[in-house]
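Structure assessment
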Amino acid sequence: MGSSLIRRLVIGAVLVFLGLNFLGALGLFWLQGSLPETDGEIVGFAALSAPALIERDEAGTVTIRAASPEDASFALGYAHAQDRLWQMEMMRRAGAGRLSEIVGEATLSTDKMLRTLGLRRLAEIAYTRLSERAKAHVDSYVAGVNGYLATRSGPLPPEFLIAGIDPEPWEPADSLVWGRLMSLQLAGNWFSEITRARMLKAGLSAEQIDLLYAPFEGSDGGLTAPDLSALDLVGESRLARLQEALPEILRPRRASNAWAVDGLLSPSGRPILVGDPHLGLQSPNLWWLARVESPGYLRVGAFVPGVPFLVIGHNGAVAWTFTTTHSDTQDLFVERIDPADPTRYLTPEGSAPFETRVERIGVDDETVEHMVRKTRHGPVVSDALADAADAAADGTVLALASASLTEDDDTSQALFELGSAIDVAGVVRALRKFHAPQQNAMFADTAGRMGMISAGRVPLRASGDGFYPSPGWTGTHDWTGWAPFEALPQAIDLEGNVLVNANERVVGANPDLFIARSFDAPYRARRIVEMLTGGDRSPGGMAAMQMDTVSLFARDLLPLMLAHLPRAEGKGLEVRAADLLRGWDGAMDAERAEPLIFAAWVEALNARLFADELGPLMEDYSRARAATLLQILRTGDGFCDDTRTAQTTESCAEMVAGAYEDALALLARLHGQDIEAWSWGTAHRAWFSHPLWTRIPLIGPMLTTRTSTGGGDYTVSRGSYSGPADDPFRHRHGAGLRVIYDLADLSNSRFVAALGPSGNLLSPMSLTWHEAWARNEGLRLVAQEEPTHELTLSP
């Protein structure tokens, strides 16, 4: 962290503590001026053709009324800036690789990587590819953001005070760069490629790695034996440094649920469509709920602050949601530098020059020059290392090929056209332009039609499947094009009356199309199908399904684990815990002890099985993978022997029993010896941390919202967890947004998002949605007859 930011954070902590005395109280009173005006009239916006209204209910949820769609987009930009200006600022700085200007040297490697990927430049190109209608909305939105910056009074939100910056004027590329950031985050395969390459360097065999990443039954397998020749040329230390340099903001966070029933199965006679995207939980929440309307124009649902187009929602005629496909759309290529000329690299046709450009990165008050190189496959990501000048001592560099990094990407246009579609046919036309990241788009219209398409570019490879970094100089693993849209997985008006996807395997219309080696385990999808069979398929029933915590994974794995525990009598902790687990139905409810015992046992087993072989790589692998654990315990093959005990050979039974002891020892240390007082919700709390406030000592924990939740990694109510040794079950990944659309009456649709509309911690509207989110009591985003607040923006 830069010294200047450290000083500002310390000052911030002092200011907050001073809130206990008179001067501090005055300071906090002054900061209240950072809250936006929500009533009255503001005049002087030349970009507006007529007055536009920003109405808010008592929770602060916005309804926008305007005379034209473009005026509505202006008001949307204005309202986003009112509520989430700091979030927007950090998003555009991340996309442009400008974090170090405020954070300092601590984020220099992140900025180098983001500049190397060139996301801001790609966003600028994306803007030029928009249709004139789409550009008009972007331009109006940008004018709205800048209209707020020009007319606001009082201090900026507190984060700007701590960071010591003023926001620059908003630009169109600032709005479009979010799509590139999200595209890389929802793909993320190259992170795993580096981990697997390091595993090979650490001595694991390809067969062992296949088991560590075992596909669930029915998932795609590898097409061919991997070509590992290129990895012989790359040093392990360079792979390790590259992995350390990978930005946290791009780390994969990929999961979601979506399902739909048609009018034959729903009580209303029209489809019911349900969705809840699973991403990293954060403060402020990614999502911002609103209703935006003008004559002939309606957008209702979840927007992302900084982005003018509706991401998940409905327009009065069609509704849509997304899940991540988990397709492999990124490959790392090992490129050989021309030994006769280091400014060139080798290709199948001979030597070729690197494309180069110089990026200038501000670090505190200094400027660092960073040389970016690009090959025919993509940007040279190994150049982002701090010691990039020495990184190619072995004569190679690593380049990234990614569907997210193409200049002809039209996903922003697709999102605009998706919002304009009037029926399923229009949705399909829009999705033809949805290029990256590949997503399972599920949709329905008011006429009763519904469907799902895994929209996005899937690379066709000359050979191989991109499981490991490939040789770039031979051409044998090159991408030869994109799969045609017609070959992608898609189901429209299917006869089964039900659509379900929860990141499990999808199969293309061309079943030979390779999408990925493995997908997420199908437990959530299976549980959804179970509940839909004979269950309550009304919107209220669907809301209850979204909160379901039954773990089919636990039902599969737990009997295999319990089989290795001897039955014992008595009242000890070990006996009581085993008795609880034997009578457990797999429901990971917040008030129960069994989910806590099970989760701790699985984590301990994961560590016992793999930590000896993986060593420092355990942190990058760490997630307990269902197919891997089931295969090992069912067959007894693989990783049960502890390689650190050379004189003995451990069995799987010993590993399971030892992990049970480890788990109970951990829980007794963290929660005491009284098992009757243990509960999953005490340990498993949704954790909404703020990227800036959490850096302030003592104050950060006070400003982190925590909410006890049920669920786990493989439950419909997703509750993936991670955390430090003394708090390992923090709920860090899950549904920050849930939607239920009733296509018989879209005004009856329900939306719920975590936290609140405002990102300003001083605002009374920063947590107004949160209790409803915890209970999944959705909001109906209908026109407000008597809004609590009404602000008029006038020309």
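Preceding block: the structure.
The paragraphs below set out a description of the structure included in this document. Computed from a predicted structure; not experimentally measured. (Residues numbered from 1 in each chain as written. Predicted model: local features only at pLDDT ≥ 70, side-chain atom pairs only at ≥ 80, totals over all residues. Heavy atoms only, no water.)

**Observations concerning the pattern of salt bridges**
Condition: For this document, the term salt bridge refers to a Lys or Arg side-chain nitrogen within 4 Å of an Asp or Glu carboxyl oxygen. Under the DSSP-based scheme used, a helix requires at least four consecutive residues in state H or I and a strand at least two consecutive residues in state E, with every element numbered from the N terminus. The cut-offs for exposure are 20% and 50% of the maximum accessible area for each residue type, with area from a 1.4 Å probe on protein chains only; residues under the lower value are buried, those over the upper are exposed, and the others partly exposed.
Applying the stated rule across the entire model yields 46 salt bridges. For Arg56, the salt bridge goes to Asp83, with nearest N and O atoms at 3.1 Å. A residue pair is termed long-range when its members are at least 10 positions apart, and Arg56 in strand β2 (residues 52-56) and Asp83 in helix α3 (residues 69-96) qualify at 27 residues. Given the relative accessible area of 1%, Arg56 is considered buried. Since its relative accessible area comes to 6%, Asp83 is described here as buried. Linked through salt bridges whose partners overlap, the residues forming this network are Glu89, Arg92, Arg93, Arg98, Glu101, Arg120, Glu124, Glu168, Glu171 and Asp174.

**Describing the state of the cysteines**
Think of a disulfide as a covalent bridge from one cysteine sulfur atom to another cysteine sulfur atom. For clarity, the cut-off: For the purposes of this analysis, a disulfide is any pair of cysteine sulfur atoms at a distance within 2.5 Å.
All chains considered together, the criterion is met by one disulfide. Disulfide partner of Cys640: Cys652, at an S-S distance of 1.8 Å. Residues Cys640 and Cys652 share a disulfide whose torsion about the S-S bond is about 85°; that sign makes it right-handed. Highlighted residues: Cys640 in the loop between α22 (626-635) and α23 (652-671) and Cys652 in helix α23, separated in sequence by 12 residues. Given the relative accessible area of 4%, Cys640 is considered buried.

**As for the sheet that holds strand β17 (residues 450-455)**
For clarity, the cut-off: Any two strands are treated as partners once DSSP identifies two or more bridges connecting them. Here, axes are lines fitted to C-alpha atoms. For helices the fit covers the stretch in contact, and angles between N-to-C directions go from 0 to 180 degrees. Residue contacts are defined here by distance: any two heavy atoms, one from each residue, within 4.5 Å place the two residues in contact.
Reading across from one edge, β1-β29-β2-β3-β6-β7-β8-β9-β16-β17-β21 is the order of the 11 strands in this open sheet, with mixed pairing throughout. The sheet terminates laterally at β1 (40-43) and β21 (490-492), the two strands that pair on one side only. Neighbouring strand axes in the sheet, compared pairwise and without regard to direction, differ in orientation by 20° on average. Note that strand β3 (residues 62-65) and strand β6 (residues 288-294) share four bridges and pair parallel. By the bridge assignment for β6, Arg65 is matched with Glu293. Packed onto the sheet, helix α15 (residues 424-431) meets β9 (318-324), β16 (439-445), β17 and β21 and runs at close to 160° relative to β16.

**Comments concerning the sheet that holds strand β19 (residues 470-471)**
Pairing within the open sheet is mixed, and its three strands lie in the order β15-β10-β19. Across the chains shown, the open sheet's two edge strands, defined by having one partner strand only, are β15 (396-402) and β19. One ladder, built from two bridges, connects strand β10 (residues 330-336) with β19; its direction is parallel. Looking across to β19, one finds that Phe333 is bridged to Ser470.

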